[in-house]
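Structural overview for review
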Amino acid sequence: PDAPERADVVDARLANLDIPDVEWRVVRSEAIEVIQNCADGTLDFAYIDDDHRIEHVQEEVRWLCQKVSPGGLITAHDVYGSCDLKRVFDLYHDSICLDLPRLGAAGGLGILQI
């Protein structure tokens, strides 16, 4: 909700892609509220890149573990460097973190399979 122009840009980019069998929605709301409103086991993929505070990401992942279907993926940006979100993914034994080349103070990709 704090960056409506960012939501508009993302929505426009997605609308211009021709990707069959993929559904998305850009929602201007608090991420945890959106996650909580999803039915359990209905998501196949989630990408976290909003509030980078450890506590917030821990809560997002905790909720997403209920909402993502078995075999689905929860991913997150900035798991290495200044954000250090790897600590959240290290709490789950079915996760890996990739320290990819960084363009700034943080980067990398966390992946958790449900």
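Here goes a summary of the coordinates provided. (Residues numbered from 1 in each chain as written. Predicted model: local features only at pLDDT ≥ 70, side-chain atom pairs only at ≥ 80, totals over all residues. Heavy atoms only, no water.)

**Description of the overall build of the protein chain**
This is how it is decided: Here a strand is any run of E in DSSP of at least two residues, a helix any run of H or I of at least four, and the numbering for each starts at the N terminus. A radius of gyration in this sense is built from C-alpha atoms; the matching globule rule multiplies 2.2 Å by the number of residues raised to 0.38. Only protein chains enter the calculation, and the probe is 1.4 Å; a residue is then buried if its accessible area is under 20% of its type maximum, exposed if over 50%, and partly exposed in between. Contact criterion: two residues are considered in contact whenever any of their non-hydrogen atoms come within 4.5 Å of each other. Note on areas: these come from Shrake-Rupley sampling with a 1.4 Å probe, and a residue is covered only by the protein chains present in the view. His is not counted, nor are the chain ends; Lys and Arg add positive charge and Asp and Glu add negative charge. For this purpose, a charge sits on NZ of Lys, CZ of Arg, CG of Asp or CD of Glu.
Each helix and strand counted, the protein chain has four helices and four strands in total. The globule rule puts the C-alpha radius of gyration for 114 residues at 13 Å, and the 14 Å found for the protein chain is close to it. Principal-axis analysis of the C-alpha atoms places the extent of the protein chain at approximately 35 × 35 × 25 Å. Buried positions account for 31% of the 114 residues belonging to the protein chain. Restricting the contact set of the protein chain to residue pairs at least 6 apart, pairs at least 24 apart contribute 60%. Total accessible area on the protein chain stands at roughly 7400 Å², and carbon and sulfur atoms take up 52% of it. Considering the protein chain, the positive charge centre built from 10 side chains and the negative charge centre built from 22 side chains are found 4 Å apart.

**As for the layout of surface pockets**
Counted only if it meets this: A pocket, in this scheme, is an open set of points on a 1 Å grid over the protein atoms alone with protein on both sides within 12 Å along at least 5 of 7 lines, while a cavity is a set where a 1.4 Å probe fits but cannot get out; residues line either one if an atom lies within 4 Å of a point. Grid points are joined across faces, edges and corners, and a volume is the space filled by probe spheres set on the points. Polar here means any residue other than Ala, Val, Leu, Ile, Met, Phe, Trp, Tyr, Cys and Pro, which are nonpolar, and Asp, Glu, Lys and Arg, which are charged; Gly is therefore polar.
One number sums up the size of the largest pocket: a volume of about 1800 Å³. Lining the largest pocket are 39 residues, and of these V10, R25, V26, V27 and Y47 sit closest to its centre. The residue makeup of the lining of the largest pocket, split by class, is 23 nonpolar, three polar and 13 charged.

**Quick look at the pairing of strand β3 (residues 95-98)**
For clarity, the cut-off: Here a strand pair is declared whenever DSSP counts at least two bridges between the two strands.
In β3, alternate side chains face the same way, and those of S95 and C97 are buried while those of I96 and L98 on the opposite face are not. Bridge count for β3 against strand β4 (residues 106-113) is four bridges, and the pairing is antiparallel. Residue pairing for β4: C97 is matched across the bridge by G110.

**Overview of a nonpolar patch on the surface**
Put simply, the rule reads: Two distance rules govern patches: like charges are joined within 9 Å, and nonpolar side chains (Val, Leu, Ile, Met, Phe, Trp, Tyr) within 5 Å, applied only to residues with over 30% relative accessible area and no salt bridge. We define a salt bridge as a side-chain nitrogen of Lys or Arg found within 4 Å of a carboxyl oxygen belonging to Asp or Glu.
Taken together, the side chains of V10, L17, I19, V22, W24 and V26 present a nonpolar region at the surface, about 470 Å² in accessible area. Owing to a relative accessible area of 40%, I19 belongs among the partly exposed residues under this scheme.

**A closer look at the sheet that holds β3**
We apply this condition: Note on geometry: axes are lines fitted to C-alpha atoms, helical ones only across the stretch in contact, with angles between N-to-C directions running from 0 to 180 degrees.
The strand order across the open sheet formed by four strands is β1-β2-β4-β3, and the pairing between neighbours is mixed. Looking along the sheet, the strands with just one partner apiece sit at the ends: β1 (43-48) and β3. On average, adjacent strands in this sheet sit at an angle of 15 degrees to one another, irrespective of strand direction. Sheet contacts for helix α3 (residues 54-67): β1, β2 (68-81) and β4; angle to β2, the most-contacted strand, approximately 160 degrees.

**Digging into unusual backbone geometry**
Here D21, not a glycine, exhibits a phi torsion of approximately 65 degrees, which is positive. Turning to its location among the elements, D21 is positioned in the loop between α1 (4-15) and α2 (31-36). Residues other than glycine seldom take positive phi values, yet D84 does so here, at roughly 50 degrees. For D84, the location among the structural elements is in the loop between β2 and α4 (86-89).

**Looking at the nonpolar core**
Note the threshold: What is meant by a nonpolar core is a set of buried Ala, Val, Leu, Ile, Met, Phe, Trp, Tyr and Cys residues, joined one to another through side-chain atoms within 4.5 Å.
Counting 21 residues, the largest nonpolar core has V61, L64, I74, V79 and F89 as the members making the most contacts within it. Within the residue set of this core, elements represented by two or more residues are α2, β1, α3, β2, α4 and β4.

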